[in-house]
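Coordinate inspection notes
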Amino acid sequence: MYSDLNGKVAVVTGGSKGIGNAISKRFGQEKMSVVINYHSDKDGAQQAADAVEEAGGHAVIVQADISSEAGAKELLQTAIDNFGGLDVWINNAGMEIKSPTHEATLDDWNKVTAVNQTGVFLGCKVALNYFVTNEKKGNIINMSSVHEQIPWPTFASYAAAKGSVKLFTKTIAMEYAKQNIRVNGIGPGAINTPINAEKFADKKQYDKTVSMVPMNRIGKPEEVAAGAAWLASDESSYVTGITLFIDGGMTLYPAFKDGEG
Ligand code: NAD
């Protein structure tokens, strides 16, 4: 636990399930006040909010589409109205669509880009605007992926969006460093969340994914949430512009793991 987080206000996008759900709950354990955004799963968001309150934090849930500017602004306004301001903004919402690139539709490309790339821009813009206007120290975390670094055939739109998140994060980290606003990315590897449910239900695919991880197991959402708590806290006070990979070593070229090559 990080004592400086106690009483701080956070917005978490896509908090109804998976990694965003785990981050919201972890922030509750840190006794933070959390605006939990959801897109369609109200029950999941409410369950996270209940867990936050039970742990001693405070929570409010808000339906909003993070790929719209109005949605991002509504999350900020909810934080101000309910908790008096903002300290930490987590751009977690994401989605992927599998398709060979020569068959991919423009509509699918636009959907993936809208959430993973434009949504991150809008969340950052709204949070930065609040921090700068109020001359407040600020903290932003963008959920990227190992696929900001590792190409992913048939998921080109997703990899392109995460690659964009990487350089966008580094650029604004530099742009706002002098204003005491830290901006970092997290690059999860293979984590056990609904985004992977279908894939991991197939034992062959599950085992194949495990074999791509030097630590030989799938990660837990709570392990990503632990990284988010550290980056949000003053324990990481001199860290900005990084991607913190939480991936069991997936980015270490696992094909070489037994000395091949
Ligand atoms: P998930 O599908 O469980 O959760 C994604 C969340 O984003 C959901 O709550 C969904 O409703 C929300 N969302 C989607 N579109 C939205 C929109 N327009 N507005 C608001 N919310 C929206 O997936 P997850 O695994 O928890 O993924 C969380 C983040 O972590 C994503 O950015 C994903 O790309 C990233 N990630 C996940 C993994 C993994 O293995 N699970 C690996 C690398 C990166």
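Whatever comes next refers back to the structure up there.
Residues numbered from 1 in each chain as written. Predicted model: local features only at pLDDT ≥ 70, side-chain atom pairs only at ≥ 80, totals over all residues. Heavy atoms only, no water.

What follows concerns the overall build of the chain. Secondary structure assignment for the chain yields eight helices and seven strands. On C-alpha atoms alone, the chain measures out to a radius of gyration of 18 Å, which is about the 18 Å that the 2.2 N^0.38 rule sets for 261 residues. Its C-alpha atoms give the chain principal-axis dimensions of roughly 55 × 40 × 40 Å. Looking at the chain residue by residue over its 261 residues, the buried ones come to 49%. Expressed as a percentage of contacts within the chain between residues at least 6 apart in sequence, the contacts between residues at least 24 apart total 72%. Roughly 12400 Å² of accessible area belongs to the chain as shown, and the carbon and sulfur atoms make up 54% of that amount. (Helix = DSSP H or I, 4+ residues; strand = E, 2+ residues; numbered from the N terminus. Rg over C-alpha atoms; globule rule 2.2 N^0.38 Å. Buried < 20%, exposed > 50% of the residue type's maximum accessible area, 1.4 Å probe, protein only. Contact = heavy atoms within 4.5 Å. Areas by Shrake-Rupley, 256 points an atom, 1.4 Å probe, with all protein chains shown as cover.)

I23, F27, I36 and I186 are the most contacted members of the largest nonpolar core, which totals 32 residues. Taken together, the elements giving at least two residues each to this core come down to β1 (9–12), α1 (18–29), β2 (33–38), α2 (42–54), β3 (58–63), β4 (88–91), β5 (138–143) and α8 (221–232). For this core, the element with the most residues is α8, which contributes six residues. The residues touching I36, leaving out its near neighbours within four places in the chain, are V12, G15, S24, A45, A48, A49, V52, A59, V60, I61 and V62. Core analysis: the next-biggest nonpolar cluster, separate from the first, contains 29 residues, A72, A93, A173 and I181 among them. (Core = buried A, V, L, I, M, F, W, Y, C linked by side-chain atoms within 4.5 Å.)

In the vicinity of the ligand there are 27 residues, among which I19, D65, N92, Y158 and T193 approach most closely. Between the ligand and the protein, one listed contact pairs a nitrogen atom with a side-chain N or O atom of D65 at 2.8 Å. Here K162 contributes a side-chain N or O atom positioned 3.0 Å from an oxygen atom of the ligand. The protein chains hide 93% of the 820 Å² of surface that the ligand would expose on its own. (Near = heavy atom within 4 Å. Polar contact = N/O pair within 3.5 Å; in protein donor to acceptor, adjacent residues only side chain to side chain.)

On to the packing of aromatic side chains. Per the counting criterion, the structure on display carries five aromatic pairs. A centroid spacing of 5.9 Å and a plane angle of 70° characterise the contact between Y130 and F131, whose relative ring orientation is edge-to-face. With respect to class, Y130 is no different from F131; both count as buried. Grouping aromatic residues by their ring pairs yields a cluster made of W152, F155 and Y158. (Phe/Tyr/Trp six-rings, centres within 6.5 Å; stacked < 30°, edge-to-face > 60°.)

Moving on, we come to the side chain of N116. Of note, N116 is situated in helix α4 (residues 106–133). A distance of 2.8 Å separates a polar atom in the side chain of N116 from the backbone oxygen of V112. Dropping the residues within four chain positions of it, N116 is found in contact with A93, G94, M95, Y158, A161, K162 and V165.

Looking now at the environment of V183. Summarising the element assignment, V183 is placed in strand β6 (residues 181–188). For the pair V183 and D108, spaced 75 residues apart in sequence, the C-alpha to C-alpha distance is 29 Å. Those residues within four positions of V183 in sequence are excluded, and the remaining contacts are I140, N142, T169, I172, A173, T240, G241 and I242.

Now for α1. Two residues of an α-helix separated by three or four positions point the same way, owing to the 3.6 residues in each turn. The first and last C-alpha atoms of α1 sit 17 Å apart over twelve residues, in line with the 16 Å expected at 1.5 Å per residue. With ten of its twelve residues buried, α1 lies for the most part within the structure. Within the sequence span of α1, burial applies to G18, I19, G20, N21, A22, I23, S24, R26, F27 and G28. Just downstream of α1, K31 is the residue with a positive phi angle, here 60°. (Expected span 1.5 Å × (residues − 1).)

Take it as geometry only, folks, not as evidence of what the structure does.
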